[in-house]
Amino acid sequence: MERLRKAGIHAKGRTQLLLTAAEAYPALEAAFLDSRKEIHASFRIFDLDTELRSARARVIGRRWFDLIVDTLRRGVALHFTLADFDPCARPKLHRLTWQSLRQFHAAAELAGPQAKLHARAAMHPAETGILPRLAFWPLALHRLRKQAAEMNGWPANERAAALRDMPGLLPYVEVAPDGHISVPLTRLPRLRPATHHQKLAVFDRKKLYIG
């Protein structure tokens, strides 16, 4: 800090350390409420069903979905990237990512034709080579069959909704006309062992939030 002061950079008072979720969530909500032009954000997980914490945000609504609708209605351009997950190793997280994307686009629909939303899922580019894929094929097949068996036990409409939100799973399964899911032996899954793990947002190119 002393070196910064000697260089004429006065950072004191401009950085706020938030140690708990009780501190961090309201600060993030306030940053969304105060934005006027644009927000660029990238998170590992961002569930729009999460409850809002601050009294100020609760004037808007109950969930983050409501705050996103309000942000877009105010004309703020929202650029949002969510981490995607390997559909074989982390099917529930893979589904959550695409559920959140669907919620973002639903919020844009409610916000109206002026809504400026660019939301995407980003899979980490790291991928195992052919030898590890072959070595882990039995485990991947077991996981896929376990997931298929679980989903086959659901009502048809719930199973269809899940498949809609699991695009990464579709290349490795077959869906019968009645909605039953099977896993062919001939499809060797691509395995992605890494995920993006950033939690940050930039507001109007003036304020940075880092988790």
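The structure we're discussing is the one just above.
Quick caveat: nothing in here was measured; it's all calculated off a predicted structure. (Residues numbered from 1 in each chain as written. Predicted model: local features only at pLDDT ≥ 70, side-chain atom pairs only at ≥ 80, totals over all residues. Heavy atoms only, no water.)

**Q** It is not clear to me how the overall build of the protein chain should be interpreted in this structure. Could you clarify?
**A** Summing up its helical and strand segments, the protein chain has eight helices and seven strands in all. Seen along its three principal axes, the alpha-carbon backbone of the protein chain occupies a region of about 65 × 45 × 30 Å. Counting only residues that meet the buried cut, the protein chain has 38% of its 211 residues in that class. By sequence separation, contacts in the protein chain at least 24 residues apart represent 69% of the contacts at least 6 residues apart. By element, 57% of the accessible surface of the protein chain is carried by carbon and sulfur atoms, the whole surface being about 12,400 Å². (Helix = DSSP H or I, 4+ residues; strand = E, 2+ residues; numbered from the N terminus. Buried < 20%, exposed > 50% of the residue type's maximum accessible area, 1.4 Å probe, protein only. Contact = heavy atoms within 4.5 Å. Areas by Shrake-Rupley, 256 points an atom, 1.4 Å probe, with all protein chains shown as cover.)

**Q** Sorry, what's going on with the sheet that holds strand 1 (residues 38–43) here?
**A** To summarise the sheet geometry, strands pair through backbone hydrogen bonds and adopt either a parallel or an antiparallel arrangement. The mixed open sheet is built from five strands, whose spatial order is 3-2-1-6-7. Among the strands making up the open sheet, the edge pair consists of strand 3 (117–122) and strand 7 (207–210). Neighbour to neighbour, the strand axes of the sheet diverge by 10 degrees on average, direction disregarded. Pairing analysis gives four bridges linking strand 1 to strand 6 (residues 200–203), with the strands arranged antiparallel. Counterpart to I39 in the pairing with strand 6 is F203. (Pairing = 2+ DSSP bridges. Axes fitted to C-alpha atoms, helices over the stretch in contact; angles between N-to-C directions.)

**Q** Could you clarify how one ought to interpret the packing of helix 4 (residues 64–73) against helix 5 (residues 91–111) in this entry?
**A** To characterise two packed helices, one gives the angle between the axes of the helices and the distance between these axes. Two numbers describe how helix 4 lies on helix 5: the axes approach to 8 Å, and their chain directions differ by 50 degrees. The angle between the axes of helix 4 and helix 5 places the two elements in the oblique class. Here helix 4 runs over helix 5; the crossing is right-handed. Here F65, I68, V69, L72 and R73 of helix 4 lie close against helix 5, whose contacting residues are Q103, F104, A106, A107, A108, L110 and A111. (Parallel < 35°, antiparallel > 145°, perpendicular 65-115°, else oblique. Left-handed = near helix turned anticlockwise from the far one by under 90°.)

**Q** I tried to follow the environment of R63 on my own but got confused; where do I start?
**A** Its location among the elements puts R63 in the loop between helix 3 (55–58) and helix 4. A C-alpha to C-alpha distance of 24 Å links R63 and F85, two positions 22 residues apart in sequence. Those residues within four positions of R63 in sequence are excluded, and the remaining contacts are L48, D49, T50, L52 and Q103. For R63, the side chain forms a polar contact with the side chain of D49, separated by 2.4 Å. (Polar contact = N/O pair within 3.5 Å; in protein donor to acceptor, adjacent residues only side chain to side chain.)

**Q** Would you mind showing me how to read the pairing of strand 3 here?
**A** Within a regular beta strand, the side chains point alternately toward one face of the sheet and then the other, so they alternate between its two faces. Where strand 2 (residues 77–83) lies against strand 3, six bridges are found, and the strand directions are parallel. Bridge pairing in strand 3 links A83 to A122. Running through helix 5, the crossover from strand 2 to the neighbouring parallel element strand 3 is right-handed. (Right-handed = clockwise from strand over helix to strand, strands pointing away.)

**Q** Can you walk me through the pattern of salt bridges in this structure?
**A** Note that side chains of opposite charge can pair when their charged atoms are close. If you walk through the whole model with that rule in mind, you get 11 salt bridges. For D165, the salt bridge goes to R164, with nearest N and O atoms at 3.6 Å. When its relative accessible area of 3% is taken as the criterion, D165 is described as buried. A single salt-bridge network, built from bridges that share partners, covers E51, R58 and R62. (Salt bridge = Lys/Arg side-chain N within 4 Å of Asp/Glu carboxyl O.)

**Q** What exactly am I supposed to notice about a nonpolar patch on the surface here?
**A** Among the surface-exposed residues, I130, L131 and L134 lie close enough to one another that they form a single nonpolar patch of about 310 Å² accessible area. As for its placement among the helices and strands, L131 is situated in helix 6 (residues 130–135). (Patch = residues over 30% accessible without salt bridge, like charges linked within 9 Å, V, L, I, M, F, W, Y side chains within 5 Å.)

**Q** Even after reading the chapter, I still don't get the pairing of strand 7, so can you show me in this structure?
**A** Judged from the four bridges that link them, strand 6 and strand 7 form a sheet pairing that is antiparallel. Paired with F203 across the two strands is K207, which belongs to strand 7. Counting the residues in the hairpin turn of strand 6 and strand 7 gives three residues, including D204, whose phi is positive at 55 degrees.

**Q** Would you mind showing me how to read the side chain of S54 here?
**A** Among the structural elements, S54 can be located in the loop between strand 1 and helix 3. Within the structure, S54 has its side chain in polar contact with the backbone nitrogen of A57 (distance 3.2 Å). Excluding anything up to four places from it in sequence, S54 contacts P26 and E29.

**Q** Could you clarify how one ought to interpret the packing of aromatic side chains in this entry?
**A** For any pair of aromatic rings, the description rests on two quantities: the centre-to-centre distance and the angle between the ring planes. All chains considered together, the criterion is met by eight aromatic pairs. Between F32 and F203, the aromatic rings sit 5.4 Å apart at their centres with planes inclined by 75 degrees, giving edge-to-face as the arrangement. Placement of F32 in helix 2 (residues 21–34) and of F203 in strand 6 is noted, with a sequence separation of 171 residues between them. Each ring, one from F46 and one from F80, has its centre 4.8 Å from the other, and the planes form 65 degrees; the classification is edge-to-face. Of this pair, F46 sits in the loop between strand 1 and helix 3 while F80 is found in strand 2, placing the two residues 34 residues apart along the sequence. Of the two residues examined, F46 and F80, each falls in the buried class. A cation sits over an aromatic face here: R53 above Y25, 4.7 Å from the ring centre. (Phe/Tyr/Trp six-rings, centres within 6.5 Å; stacked < 30°, edge-to-face > 60°. Lys NZ or Arg CZ within 6 Å of the ring centre and 35° of its normal.)

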